Amino acid sequence: MTDVSWPLLTLLLFASTAAAQTRAVVDSIDGYVRSELARQRIPGMSVVVLRGDSVLLARGYGFANLEHRVPATDSTVYPVGSLTKPFTAAAIVLLSQQGRLRLDDPITRYLPEGSAVWSGVTIRHLLTHTSGIPQDTTLDSRRDYSESELVRSAAQPLQFEPGELESYSSTGYALLGVIIHRVTGVFWGDFVRDQIFRPLEMRTARVNSDPDTVPNRAAGYYLVNDTLQKPEPVSPSINAAADCCLSFSVRDLAQWAIGLNHGKVLGRAGLEMSWTPVQLNKAGTYPYGLGWNIVEQRGYRRIGHSGAWLGCHATVQRYPNFNLTVIVLLNLGQANSEGIAVGIAGLLEPALTPPHLLPSRLKGPTPPRSIDQLLRAIATGSESALVTPEFRATFPGPRRELIAGLLKGIDTWTSLGCDSVRGRGISRLRSRIEHICYAKGTAKEGSLLFTVLYGSGWRAAGLDNVFGI
C-alpha cells in the first residue's frame, strides 16, 4: 500500500466532504423544485443555479409541452415577459457609452409624436419608471400596429411630474425600443442580438416574434376553472415590443449572468450605474435602477427582475454578498418564479431563507400595528401615521389599487416576524432601515408574502415586491 502524506490526505478528505455537501444541497434544491411543481400544478420548469461562474445545477422538470409530452430541459426556450427590461436598459446604456444618445436627453428628441404631453421626460425617467407616462391600456393585443401608431397611442398626459415617484410603466420600455430603432436605424431586437446575445454566446436568445422555427420552445398555460389552457395569441408587433418580448433558455441566461460577473458588454461602470437605486426629485432613493430591482432578502442585497408573458413566468435573482445567481423559468402564468428562486437561494445560504420557509416565526420586536392593518390603511390612503412622509408622498395610485385588490382575496393573515437590520446600512426613501418584517396572506388561490421595511419609530419606509409563495 502506498503511503499518503497527511496534508494530501487532509486535502482529499476536505474535497470529498465538500463534494458530498454540494450533492446534498443540489438534492435538496431538486426536492424543493419538484414539490413546488406539484403544489402549484406547474407543467414545466427549468432552473440554473450558479456560484460565481460555476453551474451548481442546470436542469428541467416536468413538461415544456403537455400536448406532445415534451420534457422541459435546461435548453427549453421560454418567453420571459418583463425580464426583457434589463436587456432593453442595457442596450440604452450601451448607446450612451457609444455617445449616440445621453440618458438625460428629452425623449421628445427621438419621439416627437409626444411633444405636446411629454415635456420634461428624459430617457433616464423611462429606464427607472419615473416618467409619469401611464400604462397604455388602449391597445388591442391581437392587432398589428406600426411604430408611429404605438408611440401616438402612448402619448397620454403624465400621471405625475417626471422624477417625483416610481410607478411601473411597461409602456415606457416599449418606447425605449422605439428610441433604439430611431438612433441605430435597426430594430431594437437586432441591436440587442448583435451587441449582447452574440458576444455572450446566448445562442437561442431571441425576440418572441422571430419567424424562424425555435427548437425546444415551451408552451405556456393558464389555470382556468381547474383546467390548463393555452393563452390567446397576440399580434407580431405586440409580441416584439421592448418591454416584454424576448425568449431565453436558462442556459442563455447563465451565459448572461457569467458575463455580468466579469463586466462584459457594459463594463463595471455601466453595471454599477445600472444597479444604483434611482434618486427621486425630493424623497431620496427608490430601489429600482436601470432595468433592475434592487431590494433585500433577509437584509442582504438582491438584484433581479421577473416577468410574465403568454402563460410563462421568469426570474433572475443575484445575491452579491454570496456570489450567487438563481434563474427560474416556468410555463404557468399564475405561478411565480420569483418565489421559487428566493426559496432556492435559502437552501444554498441559510441566512437567505425566506421567513415563510423557516420552521418557526422570527423572534424579536414587532411593529405596534400589524402588516395587514398597515396595508389596509395604504389601500385607503389613510396611512399617514404609520409611514414616513416620503413613503406617503411617493406611493402611486396604481399601487394602492393593486394592494386593495389583493386584500379583497385574502382570508387569513400570519405574522412571520421581523429581522433586525440596524447597522446594516440599508436605506429607503431617506430613512435608515432598522427592521424588516414579514406577513403571509392566504387566499383560496394561494398565499402571498408581504415585506415591509421600517425606519425609526416603526414608521414604514418601504413595501417590497409582493410574490406568491
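Above this text is the structure in question.
Everything numeric here is computed off the predicted structure, so don't read it as measured data.

S.K.: Now, about the nonpolar core: what can you tell me, with residues and values included?
M.R.: One broad rule of soluble globular proteins: the nonpolar side chains tend to lie buried together. The biggest cluster of nonpolar side chains holds 95 residues, and the ones touching the most others in it are F87, W118, I123 and I179. With 8 residues, helix α2 (residues 85-97) is the largest single contributor of residues to this core. Those residues within four positions of F87 in sequence are excluded, and the remaining contacts are V192, I196, F197, M202, L246, F248, L253 and W256. Listed in part, the 40 residues of the second largest apolar core include I42, L330, A461 and I469.

S.K.: Give me the lowdown on helix α4 (residues 147-154), citing residues and values where you can.
M.R.: Since there are 3.6 residues in each turn of an α-helix, residues three or four apart along the chain are aligned in direction. All of the buried residues along α4 are V151, S153 and A154. Along the axis of α4, the buried residues cluster in a sector spanning 160°; they form a single face. At its buried positions, α4 is contacted by α5 (170-184).

S.K.: Lay out the side chain of D252 with the relevant residues and their values.
M.R.: Structurally, D252 can be placed in helix α7 (residues 250-261). One buried charge, D252, has no salt-bridge partner; the nearest side chain with opposite charge is R206, at 7.2 Å. Excluding its chain neighbours within four sequence positions, the residues that come into contact with D252 are M202, R203, T204 and A205.

S.K.: Outline the sheet that holds strand β1 (residues 44-51), supporting the account with residue identities and numerical values.
M.R.: Read from one edge of the open sheet, 7 strands run β3-β2-β1-β14-β13-β12-β11, paired in antiparallel fashion. Single-partner strands in this sheet number two, and they are β3 (70-71) and β11 (293-297). In the sheet, β1 pairs with strand β2 (residues 54-65) via 8 bridges, with the strands oriented antiparallel. Bridge assignment links M45 to a residue of β2, and that residue is Y61. Sheet contacts for helix α9 (residues 337-348): β1, β2, β11, β12 (300-309), β13 (312-319) and β14 (324-330); angle to β14, the most-contacted strand, approximately 145°.

S.K.: An account of the pattern of salt bridges is needed here, citing residue identities and associated values.
M.R.: Inspection of every chain in the model, using the stated rule, returns 27 salt bridges. Notably, a salt bridge pairs D105 with R102, separated by 3.0 Å at the nearest N-O pair. Owing to a relative accessible area of 2%, D105 belongs among the buried residues under this scheme. For E434, the salt bridge identified is with R422, shortest N-O distance 2.9 Å. Within this pair, whereas E434 is found in the loop between β17 (431-432) and β18 (435-443), its partner R422 is found in the loop between β15 (410-420) and β16 (427-428), the two being separated by 12 residues in sequence. The class for E434 is buried, based on a relative accessible area of 18%. Taken together, the shared-partner salt bridges connect D190, R193, D194 and R198 into one network.

S.K.: So what's going on with the packing of α2 against α5? Which residues, and what values?
M.R.: At a minimum axis distance of 10 Å, the contact between α2 and α5 shows a crossing angle of 40°. It follows from the interaxial angle that α2 and α5 lie oblique. The crossing of α2 and α5 is left-handed. Contacts between α2 and α5 involve K85, T88, A89, A91, I92 and L95 from the first element and S170, Y173, L176, G177, I179, I180, V183 and T184 from the second.

S.K.: Please provide a residue-by-residue account of the state of the cysteines, values included.
M.R.: Under the counting rule described, the total for this entry stands at 2 disulfides. The side chain of C244 participates in a disulfide bridge whose partner is C245; the two sulfur atoms lie 2.1 Å from each other. Since its relative accessible area comes to 6%, C244 is described here as buried. You can call C245 buried: its relative accessible area is 0%. Put simply, C418 and C437 are joined by a disulfide, and their sulfur atoms are 2.1 Å apart. Because the sign of the S-S torsion sets the handedness, a value of about 105° for the bond joining C418 and C437 places this disulfide among the right-handed ones. Remark: C437 occurs in strand β18 and C418 occurs in strand β15; sequence separation between them is 19 residues. C437 shares its class with C418; the two are buried. Sequence-ordered numbering of the bonded cysteines in the protein gives a pairing of 1-2, 3-4. Distance from the sulfur of C312, which forms no disulfide, to the nearest cysteine sulfur (C245) is 12 Å.

Rules used in this analysis
Within every chain, residues take consecutive numbers counted from 1 along the sequence as written. It should be noted that, the model being predicted, local features are given only for residues of pLDDT at least 70 and side-chain atom pairs only at 80 or more, the latter also being counted only at that level, while totals for whole chains, interfaces and linings use all residues. Side-chain measures were taken over the full set of non-hydrogen atoms in the model, leaving aside hydrogen atoms and water. Here, nonpolar core means buried Ala, Val, Leu, Ile, Met, Phe, Trp, Tyr and Cys residues that are tied together by side-chain atoms lying within 4.5 Å of each other. Classification of residues uses two cut-offs on accessible area relative to the type maximum, computed with a 1.4 Å probe and protein chains only: under 20% is buried, over 50% is exposed, and between them is partly exposed. We count a stretch as a helix when DSSP gives it H or I for four or more residues in a row; a strand needs E for two or more, and each element gets its number in order from the N terminus. Residue contacts are counted whenever heavy atoms from the two residues lie within 4.5 Å of one another. Note: the arc covers the axis-to-C-beta directions of the helix. His is not counted, nor are the chain ends; Lys and Arg add positive charge and Asp and Glu add negative charge. The salt bridge definition used is simple: a Lys or Arg side-chain nitrogen within 4 Å of an Asp or Glu carboxyl oxygen. Pairing between strands is defined by DSSP: at least two bridges between the two strands are required. Axis angles are defined between N-to-C directions and span 0 to 180 degrees, where every axis is a line fitted to C-alpha atoms and, for a helix, only to the segment in contact. Angles are sorted into four bins: roughly parallel if under 35 degrees, roughly antiparallel if over 145, roughly perpendicular if 65 to 115, and oblique for all others. Here a crossing is called left-handed whenever its near helix is offset anticlockwise from the far helix by less than a right angle, and right-handed whenever the offset is clockwise. For this text, the term disulfide refers to a pair of cysteine sulfurs within 2.5 Å.

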